[in-house]
Amino acid sequence: MSARPLAQIEAAIAAMADPVEADVLRAERVALLARSGRVGAARKALPALRQRHAAHPHAATAAALAYADALVDYFSDLSLEARAKLQQARALAVSAERPALQAQCAAWLAHLDYVHNDRAGVAHHLTLAFSLAAPAQHAVLARASLVAAMAYHHAGRLDRAQPWYDAARRHAGAEGDTATISALIHNMAALRANQARTEAVLGDPAAAHEHARFALGNAESSGYFDDHVGGSALPVLQAVLRAQLFVVQGRLREALALYDGYLDAALAQGLERMACSLRAEIAWCRLQLGQPDLARAQVAAAEASFGAHCDLDDVALAHGRLALVHRGLGDEGAAERHGQLAAGHWRRHRDEQARSIDLLDTALAGLTPP
């Protein structure tokens, strides 16, 4: 739990004589609770705030409440509605002439653009966030820096990502923002895991084990950190991340135990776009454990999970894994077909990576990580 920012907000609320400004701070407190993993407490606090301003709405409180509502939605289940609510919050913040809240909304819109693979949106909202944020808005600068780092990292440029990771860590530390530090550790682990999974199927399996070892270390550090600070948003993501890495390491029974326990919840909480690759991994586990009928059932589930909502790298990875499963099941025709699809989608993904780097370079041109 981000104890220091929470204490600071509560002290500011207690000292605030203006009731409107006090409720703006209360909405900020709700958002902090949500992103620190205390979604139940955050959701419980919203109705009273809304009711106080229902009869006599104020632009500033309306903007702050829309922002808080968006983060509660997002950290409840990675809701798609959160993005629309954040866009509304930003528009209200513009009307209320609240540049600090505009910067907060822009930083989180960049984050959700990254989650939904909107590269142009990431670049646009990062530009807004960095242009609007005051030097003392450490939470905003930490989040925007983290998004810049993740976007470069996902595009294959860890060298360009690292200074932004460092900036995110620096600003989160200045704020005492353990929620952002936790997100940084987890997302670095997730991106390393993605690299390990890709190497295991489409690249160099020997290199995959080394990437998986580092990624699992990051994932365990994330879990230990969350245990230490007393909170984690969407802990189910931790379980799925560990399952992915266990597959790479050949710890198949452990991976299946985690998938059996957490996959349905993960898909319900925003990971549906990854269903094709996750189910393909389960099929691989079943095949390797001598369960061909169960493997075929998961192959069918994986193939039914492809759709426009899936990210290209996940689609490529799923097809690559399905090629291996079909080959193991003795269906060379299907193996060849999935192998060709994997190669084609991976080429498209690499083209998108290059486009993402160009957009980021343009958006962040002249900016030194703050």
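Notes on the structure follow. Bear in mind that the values here come from a model prediction, so they are computed numbers and not experimental data. (Residues numbered from 1 in each chain as written. Predicted model: local features only at pLDDT ≥ 70, side-chain atom pairs only at ≥ 80, totals over all residues. Heavy atoms only, no water.)

Brief notes about helix α8 (residues 138–154)
Going by this rule: By definition, any uninterrupted DSSP run of H or I lasting at least four residues is a helix, any uninterrupted run of E lasting at least two residues is a strand, and each is numbered from the N terminus. To estimate how far a helix should reach, multiply one less than its number of residues by 1.5 Å. Burial classification: accessible surface area is computed with a 1.4 Å probe over protein chains only, and a residue below 20% of its type maximum counts as buried, one above 50% as exposed, and the rest as partly exposed.
Over its 17 residues, α8 runs 24 Å from end to end, which matches the ideal 24 Å to within 8%, given 1.5 Å per residue. Of all 17 residues in α8, 15 are buried, a share of seventy percent or more. Looking one or two residues past α8, Gly156 carries a phi angle of roughly 90 degrees, positive in sign.

Observations regarding the side chain of His349
Stated formally: Note on contacts: a residue pair qualifies if any of its non-hydrogen atoms lie within 4.5 Å across the two residues.
Looking at the element boundaries, His349 is found in helix α17 (residues 332–363). Owing to a relative accessible area of 3%, His349 belongs among the buried residues under this scheme. Contact partners of His349, with chain neighbours within four places excluded, come to His154, Leu312 and Asp313.

Digging into the packing of helix α15 (residues 292–304) against helix α16 (residues 312–328)
Where we set the bar: The axes used here are C-alpha line fits, helices contributing only the stretch in contact, and every angle between their N-to-C directions lies in the interval 0 to 180 degrees. We call two directions roughly parallel when the angle between them is under 35 degrees, roughly antiparallel when it is over 145, roughly perpendicular when it lies between 65 and 115, and oblique otherwise. In this scheme the handedness of a crossing depends on how the near helix is turned from the far one: anticlockwise by less than a right angle means left-handed, clockwise means right-handed.
Close contact between α15 and α16 brings their axes to 11 Å; oriented N to C, the two are set at 150 degrees. The orientation of α15 relative to α16 falls into the category roughly antiparallel. Between α15 and α16 lies a crossing of left-handed hand. Counting all contacts with α15, which are made through Val299, Ala302 and Glu303, the residues of α16 involved are Leu322, Val325 and His326.

Digging into empty space enclosed by the protein
Put simply, the test is: A 1.4 Å probe that fits into a set of points on a 1 Å grid over the protein atoms alone but cannot get out defines a cavity; an open set with protein on both sides within 12 Å along at least five of seven lines defines a pocket, and lining residues are those with an atom within 4 Å of a point. Grid points are joined across faces, edges and corners, and a volume is the space filled by probe spheres set on the points. Put simply, Ala, Val, Leu, Ile, Met, Phe, Trp, Tyr, Cys and Pro go in the nonpolar bin, Asp, Glu, Lys and Arg in the charged bin, and everything else, Gly too, in the polar bin.
Under the criterion given, the structure shown has two cavities of 30 Å³ or more. Here the second largest cavity defines a volume of roughly 70 Å³. Lining the second largest cavity are Glu28, Arg35, Tyr67, Gln104, Ala107, Trp108, Ala139, Val140, Arg143, Asp177 and Thr180. Of all the secondary-structure elements, those providing two or more residues to the lining of the second largest cavity are α2 (19–35), α6 (99–115) and α8. Of the residues that constitute the lining of the second largest cavity, the class distribution is five nonpolar, two polar and four charged.

Points about the packing of aromatic side chains
Here a ring pair, both rings aromatic, is described through the centre-centre distance and the interplanar angle of the planes. Short version of the rule: When the centres of two rings from Phe, Tyr and Trp lie within 6.5 Å, Trp using its six-membered ring, the rings pair. Their planes under 30 degrees apart give stacked, over 60 give edge-to-face, and anything left gives tilted. A ring is scored as having a charge over it whenever the NZ atom of a lysine or the CZ atom of an arginine sits within 6 Å of its centre and within 35 degrees of its normal.
Counted by the stated rule, this structure contains three aromatic pairs. Aromatic side chains Tyr74 and Phe75 sit 5.0 Å apart centroid to centroid with 75 degrees between the ring planes, which places their arrangement in the edge-to-face category. Tyr74 gets classed as buried once you look at its relative accessible area, which sits at 7%. The exposure class of Phe75 is buried, given its relative accessible area of 10%. With centroids separated by 5.7 Å and ring planes inclined at 80 degrees, the aromatic side chains of Phe75 and Trp108 adopt a geometry described as edge-to-face. Pair noted here: Phe75 is in helix α4 (residues 59–77) and Trp108 is in helix α6, with a separation of 33 residues, a long-range link. For the pair Phe75 and Trp108, a shared accessibility class is recorded, and that class is buried. Cluster of aromatic residues (ring-pair linked, three or more members): Tyr74, Phe75 and Trp108. Above the ring of Phe214, the side-chain terminus of Arg213 is found at 4.7 Å from the ring centroid.

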